[in-house]
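Close look at the chain arrangement
Residue-level listing of the chains:
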Amino acid sequence: MRSTHASFTRKVEEMKPSKSDINWVIMDYLVSEGYPGAAEKFAQETNLPGPVDNESIRERVRVRNAIHGGRLDEAIELINEIDPEILDNNHLLHFHLLQLQLIEIIRTVLAKPGSSPAATDFLPAIKFATEQLSPRAPTDPKYQQALERTMALMIFPPEKMTPEFKELLDEELRRKVAVEVNRAILESRGERSEAKIRQLIKARAWAEQEARAAKVDLPAYVPLGLDAADEVGGVDGDAMVS
Amino acid sequence: MVDTLAAIYHTGSMEALPEVELEAQATALRKLKNEIVGHDQRKERLVCDGVVDMLVGVLSSQHGTTGSRKSDANGPAPPTWSWTQKDEATFVICTLANGGAAFIPPLYAAGVPQVLMDLLAQTTAPRLRTATLQAFWNIVSAWSALREDPGDAASPVRVDVLTKEGIEVLSGILGSTLSDGDHNQQLQLRLIADIVTVSATTEAMKALLCQSPILDQFADFLAAYSIASEHVEYYGDTLRPPPSTPGTVTSMMSAICSIISGSTYRTHRFFLSPTIRDLFTQSWLASSDQRHLFGARHGFASTGEPLLPLLHIPAYGTTTHHYGSRAFPAMAALQNQERRGRSVFATITQGGDVDHVNAVCSWLLLLARSMQGHSRLVALNLLALVNNAIDADSFDVGHRSEYMQKNRERKKQIALLGVPLAAKLVQMASEGRSSGSDRSAQNDDMLVKEQACDVLALLVREFDELQVAAVDAGAIKYICPLLKKSFDPVPLAKPMWSARRTAGNADPTTLSPTRRSGSQGLPPETLHAMRCRQGALQALAALAEKEDVHRKAIVEAGVVPCIFDSLKPFPPGYSTGDRRRGQVIGPKDGSTTAVLLAACRAAKTMARSVSLLRTSLVDAGIAKPIFQLLHHADPRVQLAATDACINLLLEFSPMREDLIAEGVVKTLCSQAKRCGPGGGNGDLRLRVSSLWALKHLMSASPKEIKIKTLEELGTGWLIGVIRGEQQQVREYISAPGGGVSVGLSAPNAAGERVDLLNPQSSGMDVDVDVDEADPLAEDDDEQFGNDEACANDEEGDGEVMFDISSSTHYQASQLRSTLHSHNHPPASPTATHVPVFSSRRYLSSVRAIEQTPALRAQQAEVAVQEQALDFIRNLLNGEDCSSMFDHLLQLIGGARIFDVLTEKLVPVGIDPATGNGSATSSTRPIYGPSALIVSTVNILTHIANALPRHKQLLIAQKPLLKAWLPHFSHPDRMVRVACVWAVNSLTWIDDESDRRDARQRAQELRACGIEGAVRRLLGDEDLDVRERARTGVRQFEQL
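- An unreviewed UniProt entry lists chain B under the name Armadillo repeat-containing protein 8, with Friedmanniomyces endolithicus given as the organism.

- In the nomenclature of an unreviewed UniProt entry, chain A corresponds to CTLH domain-containing protein from the organism Friedmanniomyces endolithicus.
- The Function (unreviewed entry) comment attached to chain A in UniProt states, word for word, "Involved in the proteasome-dependent degradation of fructose-1,6-bisphosphatase."

**A few points about the overall build of chain B**
- On a plain count of helices and strands, chain B comes out with 53 helices and four strands.
- Partitioning the contacts of chain B with sequence separation of at least 6, the portion at a separation of at least 24 is 77%.

**As for the confidence of the model for chain A**
Residues and elements named next belong to chain A.
- Summarising the model, chain A shows a mean pLDDT of 83, and 88% of its residues fall at 70 or more.
- Between the elements of chain A, mean pLDDT differs from a low of 40, seen in helix α14 (residues 238–241), to a high of 93, seen in helix α5 (residues 72–82).
- Counting interchain partners and residues more than four positions distant, the pLDDT-below-50 stretch residues 230–242 has 15 contacts.

**A closer look at helix α3 (residues 40–48) of chain B**
Residues and elements named next belong to chain B.
- Looking only at α3, the buried set comprises Arg42, Lys43, Leu46 and Val47. The buried residues of α3 occupy an angular sector of 140° when the element is viewed end-on, so they sit on one face.
- Once α3 finishes, Gly50 follows within two positions and takes phi at roughly 95°, a positive value.

**Regarding the interface of chain A and chain B**
- Contact with chain A, which involves 26 residues of that partner, is made by 30 residues of chain B.
- Interface of chain A and chain B: buried area, both sides summed, is about 2,500 Å²; carbon and sulfur atoms make up 45% of it.
- Of the charged contacts, one joins B:Arg127 and A:Glu81 as a salt bridge, the two residues approaching to 3.5 Å between their closest N and O atoms.
- Our enumeration of links across chain A and chain B arrives at 16 residue pairs in polar contact (both at pLDDT 80 or more).
- Of all the secondary-structure elements, those providing two or more residues to the side of chain A that touches chain B are α5, α6 (85–89), α7 (91–111), α8 (123–133) and α11 (172–188) of chain A.
- Ranked by the residues each element gives to the side of chain A that touches chain B, the list is headed by α5(A), at five residues.
- For the side of chain A that touches chain B, the class distribution of residues is seven nonpolar, 10 polar and nine charged.

**Concerning the side chain of B:Arg410**
All names here are of chain B.
- Positionally, Arg410 belongs in helix α21 (residues 401–431).
- Look at Arg410 and you get buried, because its relative accessible area is 1%.
- Polar contacts involving the side chain of Arg410 include one to the side chain of Asn358, which spans 3.1 Å.
- Polar side-chain contacts of Arg410 include one of 3.2 Å to the side chain of Asn387.

**Side note on the nonpolar core**
- Counting 272 residues, the largest nonpolar core has B:Phe218, B:Phe270, B:Trp363, B:Ile479, B:Val664 and B:Trp964 as its most contacted members.
- Not counting residues up to four positions away in its chain, the partners in contact with B:Phe218 are B:Leu174, B:Ile192, B:Ala193, B:Val196, B:Met252, B:Ala255 and B:Ile256.

**Brief notes about the state of the cysteines**
Residue and element names in this part refer to chain B.
- Here the structure, examined in full by the defined rule, presents zero disulfides over all chains.
- Cysteine Cys257 is unpaired, with the sulfur of Cys361 as its nearest cysteine sulfur at 13 Å.
- Residue classification places Cys257 among the buried residues on the basis of a relative accessible area of 5%.
- Cys453 supplies the cysteine sulfur nearest to Cys532, a cysteine that is in no disulfide, at a spacing of 7.9 Å.
- Under the relative-accessibility criterion, Cys532 is labelled buried at 6%.

About the criteria used
- Residues numbered from 1 in each chain as written.
- Chains lettered and ligands numbered in written order.
- Predicted model: local features only at pLDDT ≥ 70, side-chain atom pairs only at ≥ 80, totals over all residues.
- Heavy atoms only, no water.
- UniProt positions renumbered as here; feature names shortened; annotations may be inferred.
- Helix = DSSP H or I, 4+ residues; strand = E, 2+ residues; numbered from the N terminus.
- Contact = heavy atoms within 4.5 Å.
- pLDDT = per-residue confidence, 0-100.
- Buried < 20%, exposed > 50% of the residue type's maximum accessible area, 1.4 Å probe, protein only.
- Arc of directions from axis to C-beta.
- Buried area = accessible area lost by both parts, 1.4 Å probe.
- Salt bridge = Lys/Arg side-chain N within 4 Å of Asp/Glu carboxyl O.
- Polar contact = N/O pair within 3.5 Å; in protein donor to acceptor, adjacent residues only side chain to side chain.
- Nonpolar A, V, L, I, M, F, W, Y, C, P; charged D, E, K, R; others polar.
- Core = buried A, V, L, I, M, F, W, Y, C linked by side-chain atoms within 4.5 Å.
- Disulfide = S-S within 2.5 Å.

Below, the structure is given as C-alpha cells:
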C-alpha cells in the first residue's frame, strides 16, 4: 500500500509543469474572471505580456460591480453597450437579470423602516413585473415559476419566509447571475467562456473518477492543495507521511 | 418607461430629428435600444409606430457630412456624436432584425440592407463596422428562414440581398490587414463569412461571389489556418495571419461550400486557387513531384510523418470499374457507357493534376478529423464538393493507369476515413447525443442534426463504393429514426403575454409597408423538423441510388410510409392569418418545397428496384401523391415529380394503370409541349423528363394507349422536336466568326469521327433506362472554344479558353482515339505527351465546358431529341410493331419519316478545325452525338422487324443507307452494335415467301457497302459487336 502511494507521489514529483505554464493559467484566470488590476501587476511580476484588451476586462468588471451592487438597470444598459445581441438572444439570461431587478425593487420596499409595507408600496414592483417579466412568463414553465416565486416575496413578511424564498433575497443570487453574465459576454466575443483552470479542475476530477472506476492504485485521497483544510486534514494523513 | 420613450420618440420623429441636438438624439436612440432588447412585442409596436423610417433617416442623413469628413481625414473618423448616433441606430436595427422573419418585410421596404451596405462602405470605425455587419447578418439570417416558408412566393424578400457593390465592400474588409488579436476584426471576419454562407443561394449570386476576390480570400484564410495548426510545414511566403477562433474557420468553410456548390467550375476555382496550390508545393516536401506523399498511400506525410492512417490499396492491373448493380451484373454491359458523358471532359482536362487533388482531399479529411461537431460536418461537406467535382473529370482516363490508381486511392481513402465520420455524425444526430449543455453546444447539435444527413448524401451520391461504405457504417439504421422523428409533434413556443389586449388596433393593411410587420414564417421548431426531414430523405435517396440491398434495408426500416407522407405539401389555405387565430402548422401538416423535392428524389431512386415497385411502393400508394405533385405550382417540384413518375410508368410497374386512369398521359403531354423553342433550360428539362416518362409508357402498352398518346402529342410536334431545332444548332455552328469551334463530334488524326458530345446512351431494345442521371445539370461535356465567352470572362482568370490554333483540342481527340480504337497503334508522340499542367488554362476549359450558354442549350436539345427518338422507338416495339408503323406511315408519310431519320445520320457540319489544320487536306464531317445515332439506328431495327414490306420500304431508301454506312465504324461500340442489329433484322427471312426479297435486300446492302462493313466488324474489339457481326455474316451467307 505504502509503496504504491510512494510511487504515485514520485510520479507527481516527476511531473514538473513549467513555471510559465502555471503563470499562463493564472493570468488566464485573472483575465477571464475580470481582475484587470491584478492581471497587470501579475504581468509585471512575471514578465508575461499584459492582457491584450484591458478595456474589455474593465467593461466586464463594471457589469459585475453593477450586478453585485444591485444596480440592475445599469448592468443591463452596460451589457447592451457591449453588445445588444447578448441579451436579445439569450432570453433566459435577460429574464434572470430582470428578475433580479424586480427582487431589488421589492427589497427596497421591504427594507423601509416601519412595520409592514402598505399594499400600494408594491405598485412599482407590480408595474415592473407586468411590463418586463410577465410577457415571457407563459412561454416556458421555468419563467412562470420564477416569476411566481418572486411575486410571493411581496406576500410573506421576511421573517416568515421559507428557505426557497429567502434565497431569492440572498445576495448569493447576484453573484450567480454575475457569473452567468460574465460567461455570456466572453462567449459573445468568441472567447472561452470559462477560465482554463476551471476546465483543468474538472478534467482532474473526471480523471480521478475514471481512474478509481478502473481500479488504478491511487491514494485514497488526492488533495487539490487549494484549501488549507486539504493540507492539514487529509483524511488518513497520507499526504503528510511522505 | 414605455411612455417616456414614446414621448422622446414622438418629439424626435421624422421631421424633428435632424434638428434635435445630435447628442440628445444618440441618447434617445440608446434608450430605445435598451427598451427593446429582449422584448419582441415592443419591437413590433415600434415598427408599427414607424421606427424603421426614422432609423433609415438617421443612417442616411449623415451621408453628406460623412462624405466631407472622409475626404479630409484618412484615419478612422473621430468618435463624434454623429458616429455614436449611427452606432446606436445600427444596434436598434440589429435588435429589430433579431425579432425574426416578421421584421424583414418592413426593413426591406425601407431599403435597410442597402443603407447598411452604404454605411459599411463609408465607415472605417471598427465598432460601427462590426455593428453594421451584425445588423446585416441578422437580417440575412431571418431572410433565409423566410425563404423556406411555403407561404407567398411572390414576396419582395425573395430578391438577393447582396449586390455587386456589396460584395466588393465585404471583400475590401476581408482584404484589410489584420492586427493581431483584434476582437472586432475577428468578429467581422466571421460575420462576413456567415453573411456569404446564407446569401449565396442563387446561381447568379454564387457566380458573382466567385468572380469577386472573396472566394480566394477565404481559401487564403483556410490555408493560413492549416499552416498555423501545423498540418503542413510551409516554406513559402508568409500568408496572412490565420483566423484566431475555430468558429471563424468553420464559418469560412461554410461560405466556401455555399459559393462553390452546384458548379464544377467554381469548385475547381476553389481548390486550384493560388494559395492552396502553394500550400502543397511550397511545403516541407519542397518540390511538386513529391506531392504524392500527401496522398492516401503516404497518409499526408507533410511534416515528415503521416498525419492520416496509411492505406494500402492494391493496384489493379486493369482499369476496370464496378459498373451496374450487384443484383443485375448483366446490366453492366448496358450501363458502362453511363458516365462516358464526362469523358470529353477527361480528355481535354486530362492534364488535371491528380497529385494536387489527392492532396486537397487528404487535407480536407485531416481538417475534418481535427474538428468536432458542426465544424467537422462542414469540412466533410467541402470534401464532398471537391471530390464530386474531381470525379466529373477524372473518369475514363484509362490510358494512364497510374492516374486511375491514384483516383482509386482517393476514393478508397474517402470510403475508409471520410464516410464513417459522416455516418458517425448522423448517428450522433439520430441518438440525440449532446456535446455539451451550454448554448453554443446546443446550437452546434441542432446544426448537426439538420445537416448531417445532407452532407452524407452529398458525399456518397453517385459513388456506389461510398454508398456501400455508408451503409456498412450503419447509415440506414441512423437515418430512418431521424426521418420518423421529423413527423413527431413538436411543442411549439407559446405566444407571449401582453398587458395590452390587442396589439393591432389599426387595420394593418392601411399602414405603409415600412410599418407593417410581415408573417413570422414557419415556427422555428417546425422549420427544424423540415430541415431534418429533408436531409434524411436526401440521404435515403442517395443510398438507394444503386444497390438493391440498400433499398430493401430502407423498406425494412419501415420508412416507406414516411416517404409517402413527405410527398404532401402544406395545405393550400396555409397562411399566416390562420395561425394568428390559433391554428398552428406543425410538422405533420405537410412539407416545405425542399422536402417535396427530396421526397420525390427518394421515391425515384427507390422505384429503381423492380421488386419494390411491385410490392412496398404500391402498397404505400406512392403514385397518387406524385401525380398530384405534377400539378404543383413550383416548377422545380413539377420536374422532380416527373422524374419520379418515369419509373412508375415502366411496363412492369403495377402503378401504371392507376396513373393512366388519373390522366397522366394528358398531363405529361402538356408538360412536354409547354415550353416553346428557346425556352429556358429548366423548361427543356421538364420536356426531357416528360418525354422520358412517355417513352416508358409506350413500351408494351396496349395499342389504344399508344395511339392516344401519339395523338395527344401530335405527330407534327414530335417530328418538329426531332428535327426542328437541330437546324438552329447547325446555324450556330456554321455562323461566321464565333460559335462553336468543334461541333458535336470531331474527327481525330486518323480521320475517324470522334465523339465529343457523348451523353448517356440508352439501353438495347426495350429502353428501361432506370438511371436518369440528370443529363443537363452536370454532364457538361463538350469541348469548345467560344470567343464570345472569352470576352465575357470578366474575372480575368482567363486567357483565351481554347485556342483553336493551338493543338490542344486536337490532341485531346487523339488521346481519345487511343482509348476507343485499338485498331490503331497509339501513334504519334504527341498523343502520349502530357502537357505541363497549367491551372489557368485548365480552369478556363472547365469553365467553358460548364457555362457557355450555347453548349448548354445544345445539350438540352440533344437530350430532348434523344428522348423523342426513343419515344418512337418504343412506340414501334412489341407485338403491334407493324401496325404501329403503318399508323405512323399514315399519319406522317413514309418520305417524311425517312427524311428525318436520314437527317439524323448525315453529318451536321464540317469540322472548322480542319480549315486551318496543318496536316490534313480533306474536310472532315462532323456527325451528331452518338446517342442520337444509336436511337435512330434502333428505330431502323424496329422498322426492319415489322412486315416484309416494311423491310422493303427501308431498303429502298438509298440516301438513308448511304448516310448510315459510316456509322459502322463509329468509335462508340453502342452505335456499332445497334448498326449490326439493324442489319440482322433486315436480312432476316420472315417466311418462305420472303426469301426472294431477303436475297434482294442482301444484295442492296452489299451494293452500298454495308455487308463489307459488317464483315469488318468481325474483328471488332468488343465481344458483343463481334458476336452480332458473326450472326449478320451468317445470315448474309445463308441467302
